[in-house]
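Each chain is listed here by its residues.
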Amino acid sequence: MSLHVASFFHPDSHTFSYVVHDPATLQAAVIDPVLDYDPDTDALGAGPLQPLLAHVQNNALQVRWLLETHAHADHVSAGRWLKQQWPQATLAMGDGIVQVQKTFAPRYALQVPTDGSQFDHLFADGELFTLGAIQAEVIAVPGHTSDSVAYRIGDALFTGDSLFMPDGGTARCDFPGGDAAQLYRSIQRLLALPDATRVFICHDYGPGGREVANQTTIGEQRARNIHLRDGVSEAAFVATRQERDATLPEPKLMHPSVKANIQGGPAR
């Protein structure tokens, strides 16, 4: 049986979170969970987690992993909140978080460790892990941020912000630690996967007014991605990305999000 994927959309940040599980063992992972955050009051809310928590309970899932694809700049992670809900789960992300912490902790005058110790596990590029009977692989995809990773779990790939839907293109590269040329090379690693690989993205903004969507394939990305389909050179991609990034505003929640997320998110 293949990996089961359930998606949960947070409209305020246009974020998709996922609960994925092995049907044979009911072991599960939660990927990129979201909290509500009110910048006017600094209040957090667990409303977005309620459908996710109900899904886990109703299907008797055993949450083994809490996985972050990177330290998000547009929403506050619920990773640490869920770690308190499920103490047995491993809160994990790529080992590039150490560099992100070293970059951002001084900017915000945060007196916090910058060794990644807020997380239970830091994945190295290429590291393998299991979700029940299903094998998973960590693929480092720096470029959007220096800590970005994708998770390949069975036949499904969770790309974080690196790839959007084909008509949405790719992630911005103008944050500290971002690099468009590096993102181009990172995405080539993803596009080398089998065409039938299911691809689940982290954000969608409904370009052109279409309904939001979150699932595509590697084959569709290679054929139709507006920024990085087959035949687009690194130089052309970098020029496109830099031109577009120059027009983008800073994410509304960037500062509270980054301060929380380099530490795995806030506690309950």
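Residues numbered from 1 in each chain as written. Predicted model: local features only at pLDDT ≥ 70, side-chain atom pairs only at ≥ 80, totals over all residues. Heavy atoms only, no water.

(A) Local environment of the overall build of the protein chain. Assigned secondary structure in the protein chain consists of seven helices and 15 strands. For 268 residues, the compact-globule formula gives about 18 Å, and the C-alpha radius of gyration of the protein chain, at 17 Å, lands near that figure. Principal-axis analysis of the C-alpha atoms places the extent of the protein chain at approximately 50 × 45 × 35 Å. The 268 residues of the protein chain split such that 54% are buried. (Helix = DSSP H or I, 4+ residues; strand = E, 2+ residues; numbered from the N terminus. Rg over C-alpha atoms; globule rule 2.2 N^0.38 Å. Buried < 20%, exposed > 50% of the residue type's maximum accessible area, 1.4 Å probe, protein only.)

(B) Spatial organisation of unusual backbone geometry. Although it is not a glycine, leucine 26 adopts a positive phi angle of roughly 65°. Within the element layout of this structure, leucine 26 appears in the loop between β2 (15-21) and β3 (27-31). Given the relative accessible area of 29%, leucine 26 is considered partly exposed.

(C) How the structure looks around the sheet that holds strand β1 (residues 4-10). Taken together, six strands build an open sheet; the order of strands is β1-β2-β3-β6-β8-β9 and the sheet is mixed. Each having just a single partner strand, β1 and β9 (121-123) make up the two edges of the open sheet. The average undirected angle you get between the axes of adjacent strands in this sheet is 25°. (Pairing = 2+ DSSP bridges. Axes fitted to C-alpha atoms, helices over the stretch in contact; angles between N-to-C directions.)

(D) Just the pattern of salt bridges, in detail. Using the criterion set out here, one finds eleven salt bridges in the structure. For arginine 198, the salt bridge is made with aspartate 155, and the minimal N-O distance between the two is 2.8 Å. Residue arginine 198 is located in strand β14 (residues 198-200), and its partner aspartate 155 is located in the loop between β12 (149-153) and β13 (156-158); the two are separated by 43 residues in the primary sequence. The partner of arginine 172 in a salt bridge is aspartate 174, and the shortest N-O contact between them spans 2.7 Å. (Salt bridge = Lys/Arg side-chain N within 4 Å of Asp/Glu carboxyl O.)

(E) Inspection of the sheet that holds β14 at higher detail. Strand order across the open sheet formed by six strands is β10-β11-β12-β13-β14-β15, with mixed pairing between neighbours. The open sheet has two edge strands with one neighbour each: β10 (128-131) and β15 (215-217). Direction aside, the axes of adjacent strands within the sheet are offset by 30° on average. Taken together, the three bridges between β13 and β14 define a ladder with parallel strand orientation. Bridge assignment links alanine 156 to a residue of β14, and that residue is arginine 198.

(F) Representation of the nonpolar core. Grouped together as the largest cluster of nonpolar side chains are 82 residues, with contacts concentrated most on Leu3, Val20, Leu67, Trp86, Tyr151, Ile153 and Phe158. A per-element tally of this core places helix α4 (residues 180-191) first, with seven residues. Those residues in contact with leucine 3, other than ones at most four positions away along the chain, are Val20, His21, Asp22, Leu131, Ile134, Ile153, Asp155, Ala156, Phe158 and Arg198. (Core = buried A, V, L, I, M, F, W, Y, C linked by side-chain atoms within 4.5 Å. Contact = heavy atoms within 4.5 Å.)

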